[in-house]
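Breakdown of the fold
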2 protein chains.
Amino acid sequence: MAPKRIMPGKIRLAEVAKLAGVSPITASRFFRNPQALSAGKRARVESAAKELGYVPNLAARALASQRTEVIGVLIPSLTNNVFSDVLRGIYDALDGSRYSIQLANTRYSILQEERLLRLFLAQKPAGLIVTGINQTADSRAIMETVDCPIVQIMEIGPSPVDMMIGFSHFDAARAAIGHLLAQGYRRIGFLGARMDPRVQRRLDGYRAAMSDAALLDPQLIVTTAIPTSVTLGGTLLADLLAKAPDIDAVFCVNDDLALGALFECKRRHMAVPGQLAIVGFNDLEFMASSEPTLSSVRTNRYEMGRNAAAMVIETLEGRRPAEPVVDLGFSIMERQSSARRG
Amino acid sequence: MAPKRIMPGKIRLAEVAKLAGVSPITASRFFRNPQALSAGKRARVESAAKELGYVPNLAARALASQRTEVIGVLIPSLTNNVFSDVLRGIYDALDGSRYSIQLANTRYSILQEERLLRLFLAQKPAGLIVTGINQTADSRAIMETVDCPIVQIMEIGPSPVDMMIGFSHFDAARAAIGHLLAQGYRRIGFLGARMDPRVQRRLDGYRAAMSDAALLDPQLIVTTAIPTSVTLGGTLLADLLAKAPDIDAVFCVNDDLALGALFECKRRHMAVPGQLAIVGFNDLEFMASSEPTLSSVRTNRYEMGRNAAAMVIETLEGRRPAEPVVDLGFSIMERQSSARRG
DNA sequence: CAATCGCGTGGTAGCGCTGTCAATATCGGT
DNA sequence: ACCGATATTGACAGCGCTACCACGCGATTG
């Protein structure tokens, strides 16, 4: 005899349909496209579902419809609080929607990213959010053939795979240097860690600004591939001071380095900004309440995540955003650590 | 005529089985329980799968087997870097395994947690990781009837739903106060934000230690429901100093508050630890490189996440951990900010 | 030597939902 | 009153995989 794996007491769509006095397919439509039903049936199905406590089986739905309601998110790091802000934005945007997140960590490796991308795509995600614009050629090719909305976040560039939201790291860094120049600083050092593509572009922005002012000097630049930390900020500043003792300011590629640099100054009894001005990047919360308060480049990370997720959802719902590339910009937060010189 | 939705060129298990010259069911077994196959067929299926680039359809698998390979994770906050360390541990532990993570944010609400729990459970997760031991009665009841491994993380308590990994916040706070007392401090303030259950237990630990030393004074305690931040640390310290100007030390329930308190001291030209000793909680990276370096209570957050995920996997694979409750402990990191008095 | 056991394998039928298309009901216009 | 167009609804089959059982075969047992 044929084995019947009956699930006793389980509430399926069929039960809801039966209670509502409609066919299963009509009940199904209620969940996917409610306005296609007449008001009467809509109400009946709704109350039947509520009464029975119906919860759709996502696996069955995914199998039958050949797509999922999962948005894949690829970020390079879970440690970096920059990404936790972005993630928070993404989760907030999806809260209450039918979509959920599948998160994966590329660890700043584009090969790892490609592997994860293939893994995600095999499960037919509803959409994809990827970090940055430096994917492998294969990754890019794959993404271009996939027919789900894709948003590249954190930065903007010339040729989006699909959509893009972020800001110009080059411009932001250049503006930060512009601010220091305007405040009267001349020997402006650069502290960089990890040196991922976006940090690299900040370095390019620094170079451009310094070069335009005829102040570029390789001695002013200290970088490392080591992941960033507050401790590292102190170490790098020490290195920089050894190479170029006459610096009057430092631009740090992130706020952790800036904080570490500040502590290093305290340790050396160097006045900030009296002897050394400091500017960070990202404008994390603590920058506004340190002593002295630390100048930084504010980036809109939460909004980036939130809008990226919103763009995916809008596209999925047929309301494709008018502008596929969104520049969220940045702003220079001028605080005590970069007060006008002298 | 019946509509056939044929998927052209798609590689299904049937294709793999055909190429390997076995039945689909044998091919299926290869992926679920390889050692049940004879060596010959195992090799044949393996090479066939590789040759065709077969990727299993997770939705079909979930539908047919009535379970998923998803481990649900409920955490209260995405912002708090304490949780990002835990998450990193979880993701690292699952890396390379067949399991994936479904993450949800309870925003410190146990009602929200209950809602998310129901949502997760409806999709039959392979396992569950939840934060803390303060669930609603309903949540607890639900969890106790579910037959998947569940790990409660961040703290330990008397009656685990299933498994548990963490440490005693009470003991940790009491030990921190014990350290300050041993260093000669007597008027020790308490700074608390958010006041979630774990922070509450730290307060209890503080109270116990102070009470044992006959030093407890309500004026020494400043708490708020506001979420924590560095800025808030400064504000709370200012409040405390207004209430009790004669304090000689502060215990902060987390490191952000401690950093904020440090900056507030600098602003007031109060020497640390000369006029005020500071001890934080969690031992985030910056605590060791501030000026002065800040004492803290080290908690093993990464290990907590990593072990929690490992415990779930072990249970799923039939190797249930010998000890269902794991105390990861803590350690007092004694640094400059709580140097011996005088 | 027959009865039993267990391993490796395959056949069959469904898991719960939705795509496709046909069928019916409703409606305005002539 | 008739026609075609539009809104609603339903029947059917199948998405890709696995649970359940059956079966054949050699090994074990008394």
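These figures come from a predicted structure and were not determined experimentally.

With that out of the way, let us pick up the interface of chain A and chain B. Size of an interface, as often reported, equals the accessible area lost when the parts are brought together. Listed per partner, the contact involves 44 residues of chain A and 44 residues of chain B. Along the contact surface separating chain A from chain B lie four salt bridges. A salt bridge links aspartate 92 of chain A to arginine 107 of chain B; its shortest N-O distance comes to 2.8 Å. The tally of links from chain A across to chain B stands at 20 residue pairs in polar contact (both at pLDDT 80 or more). For the side of chain A that touches chain B, the secondary structure elements donating two or more residues are α4 (58-65), α5 (81-94), β2 (100-105), α6 (110-122), α10 (230-243) and α11 (255-267) of chain A. Here the residues of the side of chain A that touches chain B sort into 20 nonpolar, 13 polar and 11 charged.

All names here are of chain A. With respect to topology, four strands assemble into an open sheet ordered β7-β6-β8-β9, the strand pairing being parallel. Either end of the sheet is taken by a strand with one partner, and the two such strands are β7 (221-223) and β9 (277-279). Averaged over all pairs of adjacent strands, the angle between their axes in this sheet comes to 15°, without regard to strand direction. One ladder, built from three bridges, connects strand β8 (residues 249-252) with β9; its direction is parallel. Residue pairing for β9: phenylalanine 251 is matched across the bridge by valine 279.

Okay, the packing of helix α2 (residues 24-32) of chain A against helix α3 (residues 39-52) of chain A next. Residue and element names in this part refer to chain A. Packing of α2 against α3 leaves a shortest axis separation of 10 Å and a crossing angle of 85°. Taken together, α2 and α3 sit at an angle that is classed as roughly perpendicular. Along its contact with α2, which presents Ala27, Phe30 and Phe31, the element α3 presents Arg42, Val45, Glu46 and Ala49. The residue inventory of the contact of α2 with α3, partitioned by class, reads five nonpolar, no polar and two charged.

Peptide bonds are mostly trans, and most non-glycine residues show a negative phi. Following valine 272 of chain A, the chain continues into proline 273 of chain A via a peptide bond in cis, with omega recorded as 10°. Turning to its location among the elements, proline 273 of chain A is positioned in the loop between α11 and β9. Proline 292 of chain B follows glutamate 291 of chain B through a cis peptide bond whose omega is 0°. You can see proline 292 of chain B is positioned in the loop between β9 (277-279) and β10 (296-299). In this structure, histidine 269 of chain B is a non-glycine residue whose phi angle is positive, near 55°. Among the secondary structure elements, histidine 269 of chain B is positioned in the loop between α11 (255-267) and β9.

This brings us to helix α6 (residues 110-122) of chain B. Residue and element names in this part refer to chain B. Under the 1.5 Å per step criterion, the end-to-end length of α6 is 18 Å for 13 residues, consistent within 8% with the ideal 18 Å. Within α6, the full set of buried residues consists of Gln112, Glu113, Glu114, Leu116, Leu117, Phe120 and Leu121. Residues of α6 that are buried sit in contact with β1 (70-75), β2 (100-105), β3 (127-131) and α7 (137-145). Directly after α6, the chain includes lysine 124, whose backbone phi takes a positive value near 50°.

All names here are of chain A. Here chain A is partitioned into domain 1 (13-55), domain 2 (70-167 + 301-330) and domain 3 (169-298 + 332-338). Relative placement of domain 2 and domain 3: their C-alpha centres are 29 Å apart. Contacts between the two partners involve 14 residues from domain 2 and, on the opposite side, 17 residues from domain 3. With both chains or domains summed, domain 2 and domain 3 bury close to 1,200 Å², and 57% of this area falls on carbon and sulfur atoms. Area buried by domain 2 at its contact with domain 3 is led by Tyr108, Phe167 and Phe330, which between them contribute 47% of it. At the boundary of domain 2 with domain 3, the tally comes to two salt bridges. Between glutamate 155 and arginine 198 there is a salt bridge, with the nearest N and O atoms lying 3.4 Å from each other. Counting the contacts that link domain 2 with domain 3 gives six residue pairs in polar contact (both at pLDDT 80 or more). Within the residue set of the side of domain 2 that touches domain 3, elements represented by two or more residues are α5 and β4 (150-155).

Before going further, it helps to spend a moment on the relation of the copies chain A and chain B. When chain A is brought onto chain B, the operation consists of a screw motion whose angular component is 180° and whose axial shift is 0.1 Å, with 0.2 Å RMSD remaining. Between the two chains, the operation in question is that of a two-fold axis. Taking the C-alpha atom as reference, chain A places alanine 59 of chain A closest to the rotation axis, 2.3 Å from it. Of the interface residues in chain A, 100% have counterparts in chain B that sit at the interface too, so the contact is made through matching surfaces.

All names here are of chain B. Following both chains from N to C, one finds helix α8 (residues 169-182) and helix α9 (residues 197-212) inclined at 40°, their axes separated by 7 Å at the closest point. Classified by the angle between their axes, α8 and α9 sit oblique to one another. Here α8 and α9 pass one another in a crossing that is right-handed. Facing α8, whose interface residues are His169, Phe170, Ala173, Arg174, Ile177 and Leu181, α9 presents Arg198, Arg201, Arg202, Asp204, Gly205, Tyr206, Ala208, Ala209, Met210 and Asp212. Of the residues in the contact of α8 with α9, the class split is eight nonpolar, two polar and six charged.

Take the pattern of salt bridges next. Throughout the structure, instances matching the rule amount to 45 salt bridges over all chains. Notably, a salt bridge pairs aspartate 95 of chain A with arginine 107 of chain B, separated by 3.7 Å at the nearest N-O pair. Linking aspartate 95 of chain A in the loop between α5 and β2 with arginine 107 of chain B in the loop between β2 and α6, this pair reaches from one chain into another. For aspartate 95 of chain A, a relative accessible area of 41% puts it in the partly exposed group. Each of Glu155, Asp196, Arg198 and Arg201 of chain A takes part in one network of salt bridges that share partners.

Residues and elements named next belong to chain A. Given a rise of 1.5 Å per residue, 16 residues ought to cover 22 Å, and the 22 Å separating the end C-alpha atoms of helix α9 (residues 197-212) matches this to within 8%. Taken together, the buried positions of α9 are Arg198, Val199, Arg202, Leu203, Gly205, Tyr206, Ala208, Ala209 and Met210. Turning to α9, the residues buried within the fold contact α5, β3 (127-131), β4, α8 (169-182), β6 (188-192) and β7. Note on α9: the residue one or two positions beyond its end, alanine 214, has a positive phi of about 55°.

Time to look at the confidence of the model for chain A. The pLDDT averaged across chain A works out to 93; a share of 97% of its residues lies at or above 70. Below pLDDT 50 for its whole length, residues 1-5 of chain A participates in one contact with residues either more than four positions away or in separate chains.

On to the sheet that holds β2 of chain B, then. Residues and elements named next belong to chain B. Across the sheet, six strands lie side by side as β2-β1-β3-β4-β5-β11; this open sheet has parallel pairing. One side of each edge strand has no neighbouring strand; the edge strands of this open sheet are β2 and β11 (325-327). Strand-to-strand twist across the sheet, computed as the mean angle between neighbouring axes with direction ignored, equals 15°. In this sheet, β11 lies alongside strand β5 (residues 163-167) in parallel orientation, the contact comprising three bridges. Paired with methionine 164 across the bridge in β11 is valine 325. In this fold helix α12 (residues 301-316) packs onto β1, β3, β4 (150-155), β5 and β11, with an angle of close to 165° to the strand it touches most, β5.

Turning to the environment of leucine 203 of chain B, a few remarks are in order. Residues and elements named next belong to chain B. Tracing the sequence through the fold places leucine 203 in helix α9. You can call leucine 203 buried: its relative accessible area is 4%. Spatially, the C-alpha atom of leucine 203 lies 23 Å from that of arginine 341, the residues being 138 residues apart in sequence. Those residues in contact with leucine 203 that lie beyond four places of it in its chain are Phe190, Met195, Ile221 and Thr223.

Parameters at a glance
Residues numbered from 1 in each chain as written. Chains lettered and ligands numbered in written order. Predicted model: local features only at pLDDT ≥ 70, side-chain atom pairs only at ≥ 80, totals over all residues. Heavy atoms only, no water. Contact = heavy atoms within 4.5 Å. Salt bridge = Lys/Arg side-chain N within 4 Å of Asp/Glu carboxyl O. Polar contact = N/O pair within 3.5 Å; in protein donor to acceptor, adjacent residues only side chain to side chain. Helix = DSSP H or I, 4+ residues; strand = E, 2+ residues; numbered from the N terminus. Nonpolar A, V, L, I, M, F, W, Y, C, P; charged D, E, K, R; others polar. Pairing = 2+ DSSP bridges. Axes fitted to C-alpha atoms, helices over the stretch in contact; angles between N-to-C directions. Parallel < 35°, antiparallel > 145°, perpendicular 65-115°, else oblique. Expected span 1.5 Å × (residues − 1). Buried < 20%, exposed > 50% of the residue type's maximum accessible area, 1.4 Å probe, protein only. Domains from an automatic or database assignment. Buried area = accessible area lost by both parts, 1.4 Å probe. Least-squares fit on C-alpha atoms with pLDDT ≥ 70 in both. Left-handed = near helix turned anticlockwise from the far one by under 90°. pLDDT = per-residue confidence, 0-100.

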